[in-house]
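# Breakdown of the fold
Here is how the chains run, residue by residue.
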Amino acid sequence: MPGPVKDNPQNRPPDDNWRNTLYTIIFEADTPAGKLFDEILIITILLSVIVVMLDSVREIAALYDNLFYSLEWIFTIMFTVEYILRLICVGRPIRYATSFFGIIDLIAILPTYFSLFLPGSEYLLVIRSLRLLRIFRVLKLVQYLGEADLLMRALRASRRKITLFLFTVLNLVVILGSLMYVIEGGQNGFTSIPTSIYWAVITLTTVGYGDIVPGTGMGQAVATVVMIIGYSIIAVPTGIITSEISYASRYSKGRVCQNCSFEGHDSDAKFCKRCGSKL
């Protein structure tokens with residue numbers, strides 16, 4: 001088995017005190033400065049989203065149009081500077097720029113610049129609300145991000161079972177819908193097989209809009225069976241995913257690499273499993 005990747009100076013960020021300090025402030029919430037940075041960032045995000053929402057209300061925008069315009073550019077410049085600082089302080093800027101948070105950070109600032117050429121695109125700035133995921137670091141609940149990764153791995157592992165389950169449900173609603181079309185007919189709203197399949201779907205999922213209701217005794221009996229089946233099959237995907245989560249939880253991870261910002265390492269890991277840098 002090959003050993004851990006040796007610490008390569010080309011993989012590590014330059015050993016500059018200011019970059020290390022900047023990284024600690026921006027990416028960590030264990031220090032007072034880092035916590036303050038994240039708190040200010042979250043407040044700024046909330047304010048910017050509120051401004052975008054208020055600006056979409058015609059009555060309010062007519063009164064404070066210039067103020068909203070100025071504030072939006074102030075927020076955009078602040079987020080642009082923050083994005084550049086994040087790229088500066090990490091060892092591999094491209095790695096961060098193509099990560100989930102890096103893409104969200106970039107999308108958060110582009111609409112304002114696009115609005116100079118495409119009027120109306122500034123309302124896409126509500127995507128900044130996704131950046132509120134960083135609030136988990138301020139509250140020291142970073143393990144929630146780890147659990148999100150665990151859930152995604154469990155979903156990927158169970159995708160074949162879930163696909164088979166959905167295929168079975170699809171066949172079931174086609175059969176039940178066709179059966180109800182034969183039993184009820186158009187006089188009770190089951191005017192076609194697609195319409196009857198629609199009824200089977202909303203009944204099997206226990207939604208029950210009530211826009212189509214069986215009127216015959218046989219149809220009501222079938223509807224009762226469909227509803228009972230609906231309650232029964234709810235537990236199937238839950239059991240599949242729970243089983244995969246239980247298996248994946250054995251490999252849960254937690255440490256963060258300063259070089260590539262990968263957040264999936266064992267607590268005793270010494271090297272990053274993505275880029276090989278020393279943790």
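Residues numbered from 1 in each chain as written. Predicted model: local features only at pLDDT ≥ 70, side-chain atom pairs only at ≥ 80, totals over all residues. Heavy atoms only, no water.

Here the focus is the overall build of the protein. Across its full length, the protein carries 11 helices and 0 strands. Taken from the N to the C terminus, the helices and strands of the protein come in the order α-α-α-α-α-α-α-α-α-α-α. Within the protein, the proportion of its 279 residues that are buried is 33%. Taking contacts inside the protein between residues at least 6 apart in sequence as the whole, the part at least 24 apart equals 58%. When the accessible surface of the protein is totalled, it reaches about 16700 Å², and 68% of it is carbon and sulfur. (Helix = DSSP H or I, 4+ residues; strand = E, 2+ residues; numbered from the N terminus. Buried < 20%, exposed > 50% of the residue type's maximum accessible area, 1.4 Å probe, protein only. Contact = heavy atoms within 4.5 Å. Areas by Shrake-Rupley, 256 points an atom, 1.4 Å probe, with all protein chains shown as cover.)

We now examine the pattern of salt bridges. In total, this model carries 2 salt bridges according to the counting rule given. A salt bridge links arginine 86 to glutamate 82; the nearest nitrogen and oxygen atoms lie 2.5 Å apart. Linking arginine 86 with glutamate 82, this pair stays in helix α3 (residues 58–89), spanning 4 residues, or about one helical turn. Like arginine 86, the residue glutamate 82 is buried in the burial classification. Ionic pairing is found between arginine 86 and aspartate 105, a salt bridge with its closest N-O pair at 3.8 Å. With arginine 86 in helix α3 and aspartate 105 in helix α5 (residues 100–114), this residue pair connects regions lying 19 residues apart in the sequence. Accessibility expressed as a relative area gives 1% for aspartate 105, which makes it buried. (Salt bridge = Lys/Arg side-chain N within 4 Å of Asp/Glu carboxyl O.)

On the surface, Trp18, Ile77, Val81, Ile84, Leu85 and Ile88 cluster together into a nonpolar patch covering about 530 Å² of accessible area. At 5 residues, α3 tops the list of elements feeding residues into the nonpolar patch. When you line up the elements, isoleucine 84 lands in helix α3. (Patch = residues over 30% accessible without salt bridge, like charges linked within 9 Å, V, L, I, M, F, W, Y side chains within 5 Å.)

Moving on: the packing of aromatic side chains. Applying the stated criterion to the full structure yields 5 aromatic pairs. Residues tyrosine 64 and phenylalanine 68 carry aromatic rings whose centres are separated by 6.1 Å and whose planes lie at 45° to one another, so their mutual orientation is tilted. Of this pair, tyrosine 64 and phenylalanine 68 both sit in helix α3, separated by 4 residues, roughly a single helical turn. Judged by its relative accessible area of 8%, phenylalanine 68 falls in the buried class. Ring geometry for tryptophan 73 versus tyrosine 113: centroids 5.5 Å apart, planes at 70°, classification edge-to-face. With tryptophan 73 in helix α3 and tyrosine 113 in helix α5, this pair connects stretches of sequence that are 40 residues apart. (Phe/Tyr/Trp six-rings, centres within 6.5 Å; stacked < 30°, edge-to-face > 60°.)

Below, the discussion takes up the nonpolar core. Within the largest apolar cluster, 14 residues are counted, with the highest numbers of intra-cluster contacts made by Val169, Trp199, Leu204 and Val226. Where this core is concerned, the elements lending two or more residues are α8 (159–184), α9 (193–204) and α10 (217–233). At 5 residues, α8 tops the list of elements feeding residues into this core. With near-sequence residues (within four places) excluded, leucine 204 lies in contact with Val169, Leu172, Val173, Val226, Ile229, Gly230 and Ile233. Judged by nonpolar contacts, the second largest core, of 9 residues, contains Leu41, Val51, Phe68 and Ile109. (Core = buried A, V, L, I, M, F, W, Y, C linked by side-chain atoms within 4.5 Å.)

Take the confidence of the model for the protein next. Overall, the predicted model of the protein reaches an average pLDDT of 77, with 75% of residues at or above 70. Summarising per-element confidence for the protein, the mean pLDDT is lowest in helix α6 (residues 135–138) (48) and highest in α9 (92). The low-confidence segment residues 1–14 (pLDDT under 50) makes 20 contacts with residues lying over four places distant or belonging to another chain. (pLDDT = per-residue confidence, 0-100.)

The backbone of threonine 206 sits at a positive phi, close to 60°, despite the residue not being glycine. Among the secondary structure elements, threonine 206 is positioned in the loop between α9 and α10. Classification of threonine 206 as partly exposed rests on a relative accessible area of 34%.

In this section: helix α1 (residues 17–27). Along α1, the residues classified as buried are Arg19, Leu22, Tyr23, Ile26 and Phe27. End-on, the buried residues of α1 take up no more than an arc of 100°, which puts them together on one face. For α1, the exposed residues lying more than 90 degrees away from the buried face are Asn17 and Trp18. (Arc of directions from axis to C-beta.)

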